[in-house]
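Structural overview
Listed here are the chains, written in short residue letters.
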Amino acid sequence: MSLTQPGHDATAALPVVPVGPPDPPAPTRPLAEIQAREITAWFGTHKVLDRVSLTMRAGGITALIGPSGCGKSTFLRILNRMHELVPSAQLAGQVLLDGEDIYDPSKRLIDARRSIGMVFQKPNPFPAMSIRENVLAGLKLTGTKASKSERDALVESCLVKGGLWNEVKDRLDAPGGGLSGGQQQRLCIARSLAIKPRVLLMDEPCSALDPTSTRVIEETMLDLAREVTIVIVTHNMQQAARVSDQCAFFLASQGTPGIIVEHGDTGAMFSSPLDQRTNDYVNGRFG
């Protein structure tokens, strides 16, 4: 049975909705490039790095490789001003985040730490804090205000990005120190993401973990690189080959400070390095 009379246009009474261009996508934060220029570093009178320059591409994973004692971890800590925490430490050179020197006297330390996060070799969750409190700890340290709903959303978002949400979503108030080693490291990654850094530094984040946990952390890194620039120190050549876009090979000869022997795309560094020392190292002949 028709509800309209013959000849009557049923659409005539419908409101006219103007058709315009689609809404623009939500703005996304530009990925950050971090660049070291002529970095020389000392502990007291001992020079540990000599005129090291390296550009770490935005939205990529840069692996710092090389034998122990060649300055990789020192270089990593310089990238977010942790080097200056050592009383005897000295530094020359620049670290540029999108062209601005984080060591410029006008730049606040807290701004560098907010923009450039750090995950350490040994998982270091706050053991007396719950999983939820661990994720939110950075907000307190940086004085960031957030409502309960915003905090809840942030906890879920960071734990999802850290690859941990499905394992802990029903026990967010349990102690962070009660998690396994691999879970604790992913909790530390989630905690570092809560303050929305633009760069994430990782100092051998899998060296204390089993192969299964290592695989999960590597998958997490590959996912995170879509929105955060990552720099990782690793002694695991297979890991560097699996996760990084570019590599920098550090080396320190006996009695001399660390330098970068060679850097470039990871595939080229492993398949056809330009320097014989690089070839020897990536093929396990020393180090």
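In this report, the structure presented in the accompanying data block is examined. (Residues numbered from 1 in each chain as written. Predicted model: local features only at pLDDT ≥ 70, side-chain atom pairs only at ≥ 80, totals over all residues. Heavy atoms only, no water.)

Turning our attention to the overall build of the protein chain. Tallying secondary structure elements over the protein chain gives 10 helices and 10 strands in all. When burial is assessed residue by residue, the protein chain has 45% of its 287 residues classed as buried. Intrachain contacts of the protein chain at a sequence separation of at least 6 include 67% that bridge at least 24 residues. Summed over its atoms, the accessible surface of the protein chain is roughly 15,100 Å², and 54% of this surface lies on carbon and sulfur atoms. (Helix = DSSP H or I, 4+ residues; strand = E, 2+ residues; numbered from the N terminus. Buried < 20%, exposed > 50% of the residue type's maximum accessible area, 1.4 Å probe, protein only. Contact = heavy atoms within 4.5 Å. Areas by Shrake-Rupley, 256 points an atom, 1.4 Å probe, with all protein chains shown as cover.)

Pairing is mixed in the open sheet, where six strands are placed in the order β6-β7-β8-β3-β9-β10. At either end of the open sheet lies a strand with only one pairing partner, and these are β6 (116-119) and β10 (259-265). Adjacent strand axes in the sheet meet at a mean angle of 15° when their direction is disregarded. Inspection of the sheet shows strand β9 (residues 246-251) paired to β10 by six bridges, in the antiparallel sense. (Pairing = 2+ DSSP bridges. Axes fitted to C-alpha atoms, helices over the stretch in contact; angles between N-to-C directions.)

It is worth spelling out the layout of surface pockets at this point. Space inside the largest pocket adds up to approximately 510 Å³. Lining the largest pocket are 22 residues; nearest its centre among them are R113, M118, L141, R191 and I195. Among the secondary structure elements, those contributing two or more residues to the lining of the largest pocket are α2 (109-115), β6, α3 (131-142) and α6 (181-193). Classifying every residue of the lining of the largest pocket by side-chain character gives 12 nonpolar, seven polar and three charged. (1 Å grid on protein atoms, 1.4 Å probe; cavity = no way out; pocket = protein on both sides within 12 Å on 5 of 7 lines; lining within 4 Å. Points joined across faces, edges and corners; volume = space filled by probe spheres on them. Nonpolar A, V, L, I, M, F, W, Y, C, P; charged D, E, K, R; others polar.)

At a minimum axis separation of 10 Å, α3 and helix α4 (residues 148-161) run at an interaxial angle of 105°. In terms of axis orientation, α3 runs roughly perpendicular to α4. Residues I131, R132, V135, L136 and L139 of α3 lie in contact with α4, whose contacting residues are R151, D152, L154, V155, C158 and L159. Residues of the contact of α3 with α4, tallied by class, amount to eight nonpolar, no polar and three charged. (Parallel < 35°, antiparallel > 145°, perpendicular 65-115°, else oblique.)

Another point: unusual backbone geometry. The residue K196 is not glycine, and still its phi comes out positive at about 55°. Of note, K196 is situated in the loop between α6 and β7 (199-203). Among the residues examined, K196 registers a relative accessible area of 51% and is labelled exposed. Here the phi dihedral of E204 falls at roughly 45°; this positive angle occurs in a residue that is not glycine. Along the chain, E204 turns up in the loop between β7 and α7 (211-224).

The subject of this paragraph is the side chain of E204. In this structure E204 is buried but unpaired, with K72 as the nearest side chain of opposite charge at 6.0 Å. There is a polar contact of 3.1 Å between the side chain of E204 and the side chain of H235. Beyond its immediate sequence surroundings of up to four residues, E204 is in contact with Q121, V233, T234 and H235. (Lys, Arg positive; Asp, Glu negative; His and termini not counted. Salt bridge = Lys/Arg side-chain N within 4 Å of Asp/Glu carboxyl O. Polar contact = N/O pair within 3.5 Å; in protein donor to acceptor, adjacent residues only side chain to side chain.)

What follows is about the pattern of salt bridges. Overall, the coordinates contain 19 salt bridges when judged by the stated rule. Here R132 and D173 are joined by a salt bridge, their closest N and O atoms 3.2 Å apart. Taken together, the residues span a long stretch of sequence, with R132 in helix α3 and D173 in the loop between α5 (165-168) and α6 at a distance of 41 residues. Classification of D173 as exposed rests on a relative accessible area of 59%. Taking the shortest distance from any N to any O, the salt bridge between K161 and E227 comes out at 2.9 Å. Here K161, found in helix α4, pairs with E227, found in the loop between α7 and β8 (229-233); they are 66 residues apart in sequence, far enough to count as distant. Judged by its relative accessible area of 33%, K161 falls in the partly exposed class. Beyond isolated ion pairs, a larger network of salt bridges with shared partners links R132, K148, D152 and D173.

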